[in-house]
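Coordinate analysis (summary)
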Amino acid sequence: MVTSSIKFLPWWKTTTVYQIYPRSFKDSTNNGIGDIPGIISKLDYLQDLGVGTIWFSPFFSSPQADHGYDVSDYRSIASEYGTMSDCERLIQEIHNRDMYVVFDMVLNHTSNQHPWFLQSRSSMDNPKRNWYIWRDGQKPRGKKPPNNWKSIVGGSGWHYDEQTDQWYWAQFLPFQPDLNYRNTEVKQEMFDTLRFWLDKGVDGFRLDIINTVFEDESLQNNPFALTFFPSEEHDKSFFQNKLYTVNHPDNFAFAKELRSVMDEYSDPERFLVGEIAASLETLKRYCGEKIDDIKTNGLHLTFLFQSLNARFDANTFRNLISRYEQYFIEPYSPTWVFSNHDQMRRISKLGNDVNKAKINVMLQLTARGVPFIYYGEEVGMSNHRIPLRNAQDPVALKYSWLPQFIVNLLTRSGSISLNRDDCRTPMQWTSSPNAGFCSDKSISWLPVSLGYETINVDSEESNPDSLLNCYKALLKLRKETPALHSGSLNLLPPSLFGNFLSYQRIYDEQVVQIWLNFSKKPSYVSEIGKNPKLLFSTISDTDTLNESKLHLAPYQGVIIGICP
Ligand code: GLC
């Protein structure tokens, strides 16, 4: 008999997501750019790794000015990545392996080369004019932007277009004009685009900067703020409080409309995860209200970017877990994300220390929530410093005038990576010169990161102590252990002696304890519960568990099954 509603957790709450940046995963044509057939050739690897869902950064038609985040046709595939039939085969092959597939939807803006925008900018009375956000400049001559709004990457978000003597709005870069969702035709078209892919079997969407879709209609100026750098927790940056341009209340209602499009589909249920930088309170609002024990009526998940720059210590994570449990208790679910295609890779923030990376991934895969793993994280790929002047990333190019010592200072602070190319280098498959991403004679679109001779899938597969094998073992244990993928979470009391973190996951009768030593010093725990059984350890050491005493070596993490 089913005794708790938790038994019915939907698949997307118990899955683990693996993000692929298509340009960098596997090149099957040896032109130096990854592609869909290349990805298909590596699906067995992903199945064996044990991830449940694959999210692809966009591979729709695009001039690639922002490598796919500037779409020029949402219903076709960029020729450098493959064809529509490659894409259909990709979806099919993923499903054949009992995995799910998530596409990246850039709803906020299109490319300025999208036929809609070309039409829109062509004249004031074009039927597509109102598909984008056009306004007159400030009086008297209209040669100043309509108001003070800044884009999220800095500088005014308004761009003058001579052809019609008006300004268009772009939250991101000038070649990414914002669509106007106050126009119902736009909304309809984009909802139909989602249905187009759902009908092809896509299981969910990652929603690009979904908190910037609506702005204040009356164009009120944003207030001044004494903050320069953007943050995960607030909407202030570049000396502006983005009150009227980011997390506008109309976005919350929009999240619910998107949810109802997803709810038209079942078997399997489809899901949405929003890319939103905001406080936990605001993030929760995007997930809507609770409608029953396992459902809300907004986005299914939002990224919680609070973990990106979390300090590597037990107290920081204890606080983070406790805040996540406070805000995202069932039917809400936290997410755990440490790296992605916009951020410095986590291991680079941990001094490229594999032992720390093991503790980090143990936390990611055992705390309550949906983990998002970034390609190459599982072998310990690090950020590769590429000078701004050689950047392909358009955000880096915008700042390429910055003197190198300032870039070094910012990068060293650990939280800011000005050149997103640094975390997008080719996947490291083997120890051969292009790391097996493309042939040795090809030139990969970005250089391969340092250390690929040993940090690669081939070398790590045969080493039982490798980071890759740690990921595999944890993913397997998580899949097989209901307490780990569906259980509730209890933090165990902090210890006065030692920088370790411990918590329990509980599912019906099953109790599992997680112990993570964040310190370079060993730690002892004298009483951990009845008949403990060692389920996993980052270090193969027979002295770890002695009756009910636990001995944690420096940076050791263990998972223990407890008899109730
Ligand atoms: C998101 C994406 C980023 C992209 C931007 C504009 O932040 O993650 O890569 O450049 O949106 O679409």
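Scroll up to find the structure this text is about.
So, a few notes on the structure that sits alongside this text. Bear in mind that the values here come from a model prediction, so they are computed numbers and not experimental data.

**Quick word on the environment of P482**
Mapped onto the elements, P482 comes out in helix α16 (residues 482–486). Residue class for P482 comes out partly exposed when judged on its relative accessible area of 25%. Residues P482 and D508, 26 residues apart in the sequence, show an inter-C-alpha distance of 9.1 Å. In contact with P482, not counting residues within four places along its chain, are G487, Y507 and Q510.

**A word on the packing of helix α11 (residues 354–366) against helix α15 (residues 467–480)**
Two elements in contact, α11 and α15, have axes whose closest approach is 10 Å; the angle formed by their N-to-C orientations is 15°. The orientation of α11 relative to α15 falls into the category roughly parallel. In the crossing of α11 with α15, the sense of the turn from one axis to the other is right-handed. Only L467, C470, Y471, L474, L475 and R478 of α15 make contact with α11, whose side of the interface consists of V354, A357, K358, V361, M362 and L365. A class-by-class count of the residues in the contact of α11 with α15 yields 10 nonpolar, no polar and 2 charged.

**Looking at the sheet that holds strand β2 (residues 53–56)**
Strand order in the open sheet made by the 8 strands is β13-β12-β9-β5-β2-β1-β15-β14, with parallel pairing throughout. The sheet is open, and its two borders are formed by β13 (301–302) and β14 (335–337), each paired with just one other strand. Examined bridge by bridge, β14 and strand β15 (residues 370–374) share 3 bridges and lie parallel to one another. When the bridges of β15 are listed, T335 appears paired with V370. Strands β2 and β5 (100–105) of the sheet are contacted by helix α4 (residues 84–96), whose axis makes an angle of about 140° with β5. Against the sheet, helix α6 (residues 184–199) contacts β5 and β9 (204–207), and its axis sits at roughly 160° relative to β5.

**Some thoughts on the side chain of S62**
Following the sequence through the fold, S62 ends up in the loop between β3 (60–61) and β4 (73–77). The class of S62 is buried, set by a relative accessible area of 13%. In this structure the side chain of S62 is engaged in a polar contact, spanning 2.7 Å, whose partner is the backbone nitrogen of Q64. A polar contact is formed between the side chain of S62 and the backbone oxygen of D70, at a distance of 2.8 Å.

**Examining the site of the ligand**
The ligand sits among 13 residues. The nearest are D66, D208, E275, H341 and D342. The side chain of D66 places a nitrogen or oxygen atom 2.5 Å from an oxygen atom of the ligand. H341 is positioned with one of its side-chain polar atoms (N or O) 2.8 Å from an oxygen atom of the ligand. Looking at the shell around the ligand residue by residue, the class counts come to 3 nonpolar, 3 polar and 7 charged.

**Concerning the sheet that holds strand β8 (residues 166–169)**
With antiparallel pairing, 3 strands are arranged side by side in an open sheet as β6-β8-β7. The open sheet is flanked by β6 (134–135) and β7 (158–161), the only strands paired with a single partner. Note: β6 against β8, 2 bridges, orientation antiparallel. Within the sheet, the bridge partner assigned to W134 lies in β8 and is Y168.

**Quick look at the packing of aromatic side chains**
To describe a pair of aromatic rings, one takes the distance between the centres and the angle between the planes. Enumeration according to the criterion identifies 49 aromatic pairs in this entry. An angle of 75° between the planes, with centres 5.1 Å apart, marks the rings of F25 and W429 as edge-to-face. Residue F25 is located in the loop between β1 (17–20) and α2 (36–41), and its partner W429 is located in the loop between α13 (404–412) and α14 (457–461); the two are separated by 404 residues in the primary sequence. Aromatic side chains F214 and F254 sit 5.6 Å apart centroid to centroid with 75° between the ring planes, which places their arrangement in the edge-to-face category. Taken as a pair, F214 in the loop between β9 and β10 (236–237) and F254 in helix α7 (residues 250–262) lie far apart in primary sequence, 40 residues in all. Across the pair, F254 and F214 agree in class, each one buried. Among the aromatic residues, ring-to-ring pairing joins F312, F317, Y324, W336, F338, F518 and Y555 into one connected group.

Reading the values: the criteria
- Residues numbered from 1 in each chain as written.
- Predicted model: local features only at pLDDT ≥ 70, side-chain atom pairs only at ≥ 80, totals over all residues.
- Heavy atoms only, no water.
- Helix = DSSP H or I, 4+ residues; strand = E, 2+ residues; numbered from the N terminus.
- Buried < 20%, exposed > 50% of the residue type's maximum accessible area, 1.4 Å probe, protein only.
- Contact = heavy atoms within 4.5 Å.
- Axes fitted to C-alpha atoms, helices over the stretch in contact; angles between N-to-C directions.
- Parallel < 35°, antiparallel > 145°, perpendicular 65-115°, else oblique.
- Left-handed = near helix turned anticlockwise from the far one by under 90°.
- Nonpolar A, V, L, I, M, F, W, Y, C, P; charged D, E, K, R; others polar.
- Pairing = 2+ DSSP bridges.
- Polar contact = N/O pair within 3.5 Å; in protein donor to acceptor, adjacent residues only side chain to side chain.
- Near = heavy atom within 4 Å.
- Phe/Tyr/Trp six-rings, centres within 6.5 Å; stacked < 30°, edge-to-face > 60°.

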